[in-house]
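Tertiary structure, described
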Amino acid sequence: MDAFGVSTQQASLDLNAYIEQAKRNLVYDKSLRTYLRGKHFKPKYLNPDAEEYFAQLRAVDQGLLSSEQSWIVCGCPLFGKRYLRFSAGSPIGRVSGL
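All figures in this text were calculated on a predicted structure; none of them were measured in a lab.

Focus on the overall build of the protein chain
Per the secondary structure count, the protein chain includes 2 helices and 4 strands. Mapped from its N terminus to its C terminus, the protein chain presents α and β elements in the order α-β-β-α-β-β. Pairs at least 24 apart in sequence give 22% of the contacts found in the protein chain among residues at least 6 apart. If you sum the accessible surface of the protein chain, you get close to 8,200 Å²; carbon and sulfur atoms cover 54% of it.

As structure tokens, then:
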């Protein structure tokens, strides 16, 4: 919860609200004591699109979009600070620094 800056109580409320909206997306594993992706998972809020993802990465990297304006997270506290850089001249951009 530290990674997202929310309290345990708020995280619990948010998780329960999400479960109510997308009942088949999460399954509680009693032995692991955690929620896992359900067999019938379907994204609720974000439809993954590789082209849009790489466009966001490039925009943030080139300073066209601030990281606060983007849904791309760089330097996540869970993995330490890691910065994404694109190789020049690549049509899609090679991501390094991961």
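Further notes follow.
Re the confidence of the model for the protein chain
Within the protein chain, residue pLDDT values average 74, and 70% of them lie at 70 or more. This stretch, residues 75-98, has a pLDDT under 50; its non-local contacts, to residues over four places away or in other chains, come to 36 contacts.

Comments concerning the packing of aromatic side chains
This model, assessed by the stated rule, comprises 2 aromatic pairs. For the pair Tyr28 and Tyr35, a centre-to-centre distance of 5.1 Å together with 70° between the ring planes defines the contact as edge-to-face. Pairing Tyr53 with Phe54 gives two aromatic rings, centres 5.7 Å apart and planes at 75°, and the pair type is edge-to-face. Accessibility expressed as a relative area gives 29% for Phe54, which makes it partly exposed.

Basis of the calculations
Residues numbered from 1 in each chain as written. Predicted model: local features only at pLDDT ≥ 70, side-chain atom pairs only at ≥ 80, totals over all residues. Heavy atoms only, no water. Helix = DSSP H or I, 4+ residues; strand = E, 2+ residues; numbered from the N terminus. Contact = heavy atoms within 4.5 Å. Areas by Shrake-Rupley, 256 points an atom, 1.4 Å probe, with all protein chains shown as cover. pLDDT = per-residue confidence, 0-100. Phe/Tyr/Trp six-rings, centres within 6.5 Å; stacked < 30°, edge-to-face > 60°. Buried < 20%, exposed > 50% of the residue type's maximum accessible area, 1.4 Å probe, protein only.

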